[in-house]
Amino acid sequence: MLAGGGEDGIVHVWDTASLQLRLTLEAHGGGALSCALSRDGGRLATSGGDGRVRLWSLDSGEPIATWSEHLGGVWAVDISRDGQWIVSGGLDGTVRVWNAARAASVHALRPDRPYERMDITGLTGVTDAQRTALVSLGAVERTDH
Amino acid sequence: MVYGVAVANDASRFASGGVDGTLRLWSLGTGGESTILARYQSAVNNITISGDGRLLAAAVLGYAFDLWSVDRRELVASFPMGPRGTSWAIALS
């Protein structure tokens, strides 16, 4: 199988033996940035400018999973030979590990932020904007009160 | 500037492609011997090699996907997709 995608967000899949077009997948908004095929050609992982990572069955042409945890475009995706594990990375600086059977990421890896693990709790008297800034710096873990 | 590299699973060779439009096949054993498979008029945005090492695919600026035979060093098929912008993603099984 050959899979290819680009700026229009569509990923095409061809059979490399017959050279016939097999599937046309409307995969992503904001462009299809990366894709990867499992070794047996049965599964396709795609990632896009919409921040999504998607896993497709090439038998049905339907998505098996759509994951939306990345903030910003996802420029890199790869899949294990058996099609069970997917790893992605992108503009938000995180690398995320996904399993085909799970709805949320199994791991989210990122370099330490400036105030990583300060774990400030009981924060009061700050504006929402200040709280958001502290979350992005890693000083507090949660955005709720 | 190189946009894409791909290594064959048996570690015999790898391929590279980039902004100058050349698609190159390199031998890993002899340390740097290369063959130019193609000279495109536009950039090679991404490349990949199939699991069995026999096929190489290139995403070419202007939204085309080309399939090459590594052994025969010839173009197997070209899939020009028309005016859709830029092609980025490519994969082979």
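All values derive from a computational prediction rather than experimental measurement.

Each value, and the rule that gives it
- Residues numbered from 1 in each chain as written.
- Chains lettered and ligands numbered in written order.
- Predicted model: local features only at pLDDT ≥ 70, side-chain atom pairs only at ≥ 80, totals over all residues.
- Pairing = 2+ DSSP bridges.
- Helix = DSSP H or I, 4+ residues; strand = E, 2+ residues; numbered from the N terminus.
- Axes fitted to C-alpha atoms, helices over the stretch in contact; angles between N-to-C directions.
- Contact = placed C-beta atoms within 7 Å.
- Nonpolar A, V, L, I, M, F, W, Y, C, P; charged D, E, K, R; others polar.
- Domains from an automatic or database assignment.
- Buried ≥ 20, exposed ≤ 12 C-beta atoms within 10 Å, placed from the backbone.
- Core = buried A, V, L, I, M, F, W, Y, C linked by C-beta atoms within 7 Å.

Regarding the sheet that holds strand β1 (residues 2-7) of chain B
Residue and element names in this part refer to chain B.
1) Next: An order of β1-β2-β3-β4 is seen for the four strands of this open sheet, with the pairing classed as antiparallel. On the outer flanks of this sheet lie β1 and β4 (34-39), each paired with one strand and no other. Strand-to-strand twist in this sheet, taken as the mean axis angle between neighbours without regard to direction, amounts to 20°.

Concerning the interface of chain A and chain B
1) Next: Contact residues are listed per partner, giving 24 residues for chain A and 19 residues for chain B.
2) Next: Only β1 (2-6), β2 (10-14) and β4 (32-37) of chain A provide two or more residues apiece to the side of chain A that touches chain B.
3) Next: For the side of chain A that touches chain B, the leading source of residues is β4 of chain A, giving six residues.
4) Next: The residue inventory of the side of chain A that touches chain B, partitioned by class, reads eleven nonpolar, nine polar and four charged.
5) Next: Where β1 of chain A meets strand β9 (residues 87-92) of chain B, five bridges bridge the pair, whose relative direction is antiparallel.

Remarks on the domain arrangement of chain A
A common measure of how large an interface is: the accessible area buried when the components associate.
1) Next: Domain boundaries in chain A define domain 1 (2-111) and domain 2 (112-145).
2) Next: Using C-alpha coordinates to define each centre, domain 1 of chain A is positioned 32 Å away from domain 2 of chain A.

With respect to the pairing of strand β10 (residues 95-99) of chain A
Residues and elements named next belong to chain A.
1) Next: Only one face of β10 is covered, namely the face carrying Arg96 and Trp98; the face carrying Val95, Val97 and Asn99 is uncovered.
2) Next: Across five bridges, strand β9 (residues 85-89) lies against β10 in antiparallel orientation. When the bridges of β10 are listed, Gly89 appears paired with Val95.
3) Next: Linking β9 to β10, which pair antiparallel, is a turn of five residues; within it Gly93 sits at a positive phi near 80°.
4) Next: Here β10 runs beside strand β11 (residues 107-109); their pairing, made up of three bridges, is antiparallel. Residue pairing across strands places Val97 opposite His107, the latter belonging to β11.

With respect to the environment of Ala36 of chain A
1) Next: Assignment of secondary structure puts Ala36 of chain A in strand β4.
2) Next: On the basis of neighbour counts, which here come to 25 C-beta atoms within 10 Å, the residue Ala36 of chain A falls in the buried class.
3) Next: Separated by 44 residues in the primary sequence, Ala36 of chain A and Ser80 of chain A place their C-alpha atoms 9.1 Å from one another.
4) Next: The contacts of Ala36 of chain A, once residues within four sequence positions are left out, are Ala45, Val77, Asp78 and Ile79 of chain A together with Ala91 of chain B.

Description of the nonpolar core
1) Next: Membership of the largest hydrophobic core comes to 48 residues, with the highest contact counts inside it found for Ala3, Cys35 and Ala45 of chain A together with Ala57 and Ile90 of chain B.
2) Next: If you tally residues by element for this core, the top one is strand β6 (residues 55-60) of chain B, at six residues.
3) Next: Apart from the residues within four sequence positions on either side, Ala57 of chain B is in contact with Leu2 of chain A together with Ile47, Thr48, Phe65, Asp66, Leu67, Ile90 and Leu92 of chain B.

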